Amino acid sequence: MAEVRVENLVKTYGAARALDEVTLDFPDGGFFGLLGPSGSGKTTLLRAIAGFVLPETGRVLIADEPVENVPVEKRGIGMVFQNYALFPNMTVAENIAFGLDVRKVGAAEKKRRVTEALDLVQLGAFGARKPHQLSGGQRQRVAMARAIVTRPRVLLLDEPLSALDKALRVDMQIELKRIQREIGITTIFVTHDQEEALTLSDRIGILKDGRLIRHGPPREVYDDPRDSFTATFLGDARIFSGTREADGLRLADGTLVPGAQGATIAVRPENFQLSASEPNAPCRLRAHLVQKIFGGALGTCLLDWQGEVIKVVGRDADFRALPESGPVWVSWQPEHSVTISP
Amino acid sequence: MAMTLAGRDRRRALALLSPAYLWLTVAVFLPLSAMAFFSFLSDVPFGGKDWHATLDNYRAFFQTATYATLLWKSLKLGLIVTVVSVVVGFPCAYVLAKIVKGRSREALFLLVILPFWSNSLVRIFSWAIVLRGNGVLDRAVNAILPWDVKLNLMFSPTAIVIGLVHSYLPYVILTSYLALQAIDDSLIEAARSLGARRRTILWRLILPLAAPGILAGAVLIFVPVVGSFMEPRLLGGRVGTYYGTVIEDQFVAVFNWPLGAALSFILLAVVLAILAAASPILRRART
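Because the structure is a prediction, the values reported are computed rather than measured. (Residues numbered from 1 in each chain as written. Chains lettered and ligands numbered in written order. Predicted model: local features only at pLDDT ≥ 70, side-chain atom pairs only at ≥ 80, totals over all residues. Heavy atoms only, no water.)

S.K.: Is there a simple way to explain the overall build of chain B in this structure?
M.R.: Within chain B one finds 13 helices and zero strands. From first element to last, N terminus to C terminus, chain B shows the α and β order α-α-α-α-α-α-α-α-α-α-α-α-α. Computed over the C-alpha atoms, the radius of gyration of chain B is 24 Å, more than 25% above the 19 Å expected from 2.2 N^0.38 for a compact globule of 287 residues. C-alpha extents for chain B along the principal axes are approximately 85 × 75 × 35 Å. Burial status across chain B gives 38% buried among its 287 residues. Once local pairs closer than 6 in sequence are excluded, the contacts in chain B between residues at least 24 apart make up 64%. Accessible area for chain B stands at about 16,700 Å²; split by element, carbon and sulfur atoms hold 70% of it. Counting 26 positive and 13 negative side-chain charges, chain B places the centres of these two groups 9 Å from one another. (Helix = DSSP H or I, 4+ residues; strand = E, 2+ residues; numbered from the N terminus. Rg over C-alpha atoms; globule rule 2.2 N^0.38 Å. Buried < 20%, exposed > 50% of the residue type's maximum accessible area, 1.4 Å probe, protein only. Contact = heavy atoms within 4.5 Å. Areas by Shrake-Rupley, 256 points an atom, 1.4 Å probe, with all protein chains shown as cover. Lys, Arg positive; Asp, Glu negative; His and termini not counted. Charge placed at Lys NZ, Arg CZ, Asp CG, Glu CD.)

Quick look at the structure:
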C-alpha cells in the first residue's frame, strides 16, 4: 500500500505530446479514476506509473521512492490489462500463482494465498480450468486475483471493464469496488466511460491532449466543472456563451438568462424542462424540437436552437405531452446555470 | 435453394481442389507406388531383364549391420542438425518477431530466406571454398590469431552439419516467427508486472507458447536431413557415407533400384515411427 505521485511528466511521440507536464497525487488506499477521450494520454500516464513507458522528464514516486529508473518487474505493482492477458498455457491457479513462483514463495504458503485470492474473486471452484474455458467476467476476476495475490503496492487497471457487456459491467463495478475496499490497496484505473469513473472512484482526474484538466472528488468535479471541456465530457452539458450584463447573460438570440454570473455557463441535460406553452421559470429559451428518443424510463429529446443541438434528458412520462416535433420552450432553474471559464 | 447452393459450393470446391489432388496423384502417389512395387522385385522390370517377386531387398537390411549402423548415423545427423538449427534459428525468429519493427524487419526477413533463392549445389560448393584447408575460414582465423591454426573443416562431419544447417535454417526461423508473432505483447507485459525477469518469461511463457512452431520447424528439418545425400557427399568426402548416400548409390551408381527402393521405404517407416512416438508431445504443445 502506498501513495503514488507523478511530477511534471512529459512524454512525446514524434511531435505529439502524450503527456504534457502532468503532476498528480494518488492518495494512499484511494480509488483514482483517470478519465479522458481516446488519445488524451490517460493510458500513457498509467503505463508510465507501471514502467512500460519511460517519460522524457519528470518523476514517478511510489511511497516517496523515485522509481523512474526502476524496471517494471521491480516496481511492486499489480496490473490488470484491457484484454486481461491471462497466460493461455497455464490453468487459472497457475496464472494466479505465477507472481508467487517468481517470488519463490513456498508451496504451502503459495497454495494458501492462491485459494485466498480465488475466494476473494468468488472463483473458488475454477482453479483447474484453462483461461479459454472461462467467460469474459470470469477472466476479468482471474486477472484481478493474479494482480493482487502478490500484494502489490499499487494496483493499475487499464480499461478493465471495457470488454464486458453492459449488465456484466455494472456487476463487475460493484465487485471491483468491494475487492478494492477489502484489501485497501491504492488503485489507479483508466476509463473512457464517465459513468464508470464517477461510480467507482473516490477521486478522478480528467485528461485532454496530454494535459491534466481537472482533478478532485467526483461529486465536486461534476457539480463545479469550471471549464467547458470538463462540463461537456463529464455530464454532456450544453454550453451557452454571450455577453455579460448587469442582470444576467445576454445570448446570441437576444434571450436574457437572469442570474448567470459569467460570460459562459453550462446547463446539464437533466436540468432542462420542456413545455409547449411558455413556462414561469426565469431562464427560458424558444427552441425547435427535432427528435424524441424513447429509452425506457428515461427519454432523450434533441432540440435545435440557433443551429446548435440542445440535448434534454428526462422521464419519458414528462415528454409524452410534447408534439413529435415543432417549437417548444426550454427552461431551467437559475441555480442550474453553472458558471465556467470558456 | 439452399440445396442447390450447397451443390454449387461443392462443385466449386471440387474444381478448386482437383488440380492440387491431380498433381499429388501424378507427382507423389504414382512414383511412390512404382517404388513400392520395385522394392519387392529381384530386378528392375525393364530392359528385358529377368525378374520375380521377392522379399530379399528388405531382408538385406537386416542381414548386415551396415545399413542399420548408417541409418543410426543419419538419425543422429538429423538430430544434431535439428538441434543446432533450433538453437540458432529461434533467437533469430524472436528478434524478428518481437524486437525489430517496420522496414528493417523486412530487410532482415529477406536475408533469412536468401538460401532459398540460390541453387543448392552452388551453396554447397561455396561452403567447400570456405571450409577447405587454407580456405577462406582458415585464412580469416589465421589473420586474426597470431599463432598458426589449421582448422581444415572440409570433409568432416562438422562441415556436413554446417552445410545442412545453412540449407534448412530458414524453416525453423519461419515457423518459430509465426508462432512468436501470435503471442500477444500484453502477455509479456503482464508477466513483467508480476515481477518476472526475462529468463522466467522465456521459459514459462514464450517457449511453451512458441513450442508448436518450433516443433513444426524441427520436423520440417529432421525428415529431409535424415535422408540427405548431397551435403554429406560433397562436404563429407570420405566420412560422408550416410544412409541417404547409400540409397543414392543404389539408384545412380550400382543400378540396384529394388534395394534402393526398399531402403527408402525402411527410412520412411522409421521416420514415421519416430514422429508417431513424438506425437503426444507435439499434441500437448498445441493446446
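So that's the structure; there's more coming.
S.K.: Help me out: how do you make sense of the nonpolar core in this one?
M.R.: Within the largest apolar cluster, 76 residues are counted, with the highest numbers of intra-cluster contacts made by Val6, Phe26, Leu34, Leu45, Phe87, Leu156 and Ile188 of chain A. If one sorts the elements of this core by residue count, helix H8 (residues 157-181) of chain B sits on top with 12 residues. Residues within four places of leucine 34 of chain A in sequence aside, it is in contact with Leu24, Phe26, Lys42, Leu45, Ile188, Phe189, Val190, Thr191, Gly205 and Leu207 of chain A. In terms of nonpolar packing, the next biggest core, distinct from the first, is built from 34 residues, Ile96, Ala117, Leu120 and Val149 of chain A among them. (Core = buried A, V, L, I, M, F, W, Y, C linked by side-chain atoms within 4.5 Å.)

S.K.: What is the right way to look at the environment of tyrosine 222 of chain A in this model?
M.R.: Residue and element names in this part refer to chain A. Looking at where tyrosine 222 falls in the secondary structure, it is placed in helix H7 (residues 218-223). When the C-alpha positions of tyrosine 222 and leucine 198 are compared, they lie 8.6 Å apart, and in sequence the two are 24 residues distant. Ignoring any residue separated from it by four or fewer positions in sequence, one finds tyrosine 222 in contact with Leu198, Leu234, Gly235, Arg268 and Glu270.

S.K.: In this structure, what is going on with the layout of surface pockets? I would like to understand it.
M.R.: Regions of empty space are outlined by a rolling probe, equal in size to a water molecule, passed over the atoms. Residue and element names in this part refer to chain B. Within this model, the largest pocket holds a volume of roughly 660 Å³. Elements supplying a minimum of two residues to the lining of the largest pocket: helix H3 (65-99), helix H9 (185-193) and helix H10 (198-226). Its residues assigned to classes, the lining of the largest pocket shows 14 nonpolar, one polar and nine charged. (1 Å grid on protein atoms, 1.4 Å probe; cavity = no way out; pocket = protein on both sides within 12 Å on 5 of 7 lines; lining within 4 Å. Points joined across faces, edges and corners; volume = space filled by probe spheres on them. Nonpolar A, V, L, I, M, F, W, Y, C, P; charged D, E, K, R; others polar.)

S.K.: Please clarify how the UniProt feature "transmembrane region" (unreviewed entry) in chain B should be interpreted in this entry.
M.R.: All names here are of chain B. Taking the UniProt record as the reference, the feature "transmembrane region" (unreviewed entry) is found at residues 21-41, 77-96, 108-130, 159-180, 201-226 and 259-282. In the segment residues 159-180, helix accounts for 100% and strand for 0%; the C-alpha atoms at its two ends are 31 Å apart. The span residues 201-226 is 100% helix and 0% strand, and its two end C-alpha atoms sit 34 Å from each other. (UniProt positions renumbered as here; feature names shortened; annotations may be inferred.)

S.K.: Before we go on, may I ask you to explain the packing of helix H4 (residues 103-112) of chain B against H8 of chain B in this structure?
M.R.: Any two packed helices are characterised by the angle at which their axes cross and by the distance between the axes. Residue and element names in this part refer to chain B. One way to put it is that H4 packs onto H8 with a least axis distance of 10 Å and a crossing angle of 145 degrees. Two secondary-structure elements touch here, H4 through Arg105, Phe109 and Val112 and H8 through Pro170, Ile173, Leu174, Tyr177 and Gln181. Counted by class, the contact of H4 with H8 contains six nonpolar, one polar and one charged residues. (Axes fitted to C-alpha atoms, helices over the stretch in contact; angles between N-to-C directions.)

S.K.: Just checking my understanding: could you explain the pairing of strand S17 (residues 298-305) of chain A for this structure?
M.R.: One face of the sheet, then the other: side chains in a regular strand alternate in exactly this way. Residues and elements named next belong to chain A. Note that strand S16 (residues 283-293) and S17 share five bridges and pair antiparallel. Across the sheet, glutamine 291 pairs through a bridge with leucine 302, a residue of S17. In this structure, the hairpin formed by S16 and S17 is closed by a connection of four residues, where glycine 296 is found at a positive phi of approximately 85 degrees. Relative to strand S18 (residues 308-315), S17 runs antiparallel, the two sharing eight bridges. (Pairing = 2+ DSSP bridges.)

S.K.: For this particular structure, what's the right way to read the packing of helix H2 (residues 56-63) of chain B against H3 of chain B?
M.R.: Residue and element names in this part refer to chain B. Closest axis-to-axis distance for the H2/H3 pair is 5 Å, and the angle between their directions is 75 degrees. Between H2 and H3, the angle falls in the class roughly perpendicular. On H3, the residues that touch Ala60, Phe61 and Gln63 of H2 are Ala65, Tyr67, Ala68 and Leu71. Taken together, the residues that form the contact of H2 with H3 break down as six nonpolar, one polar and no charged. (Parallel < 35°, antiparallel > 145°, perpendicular 65-115°, else oblique.)

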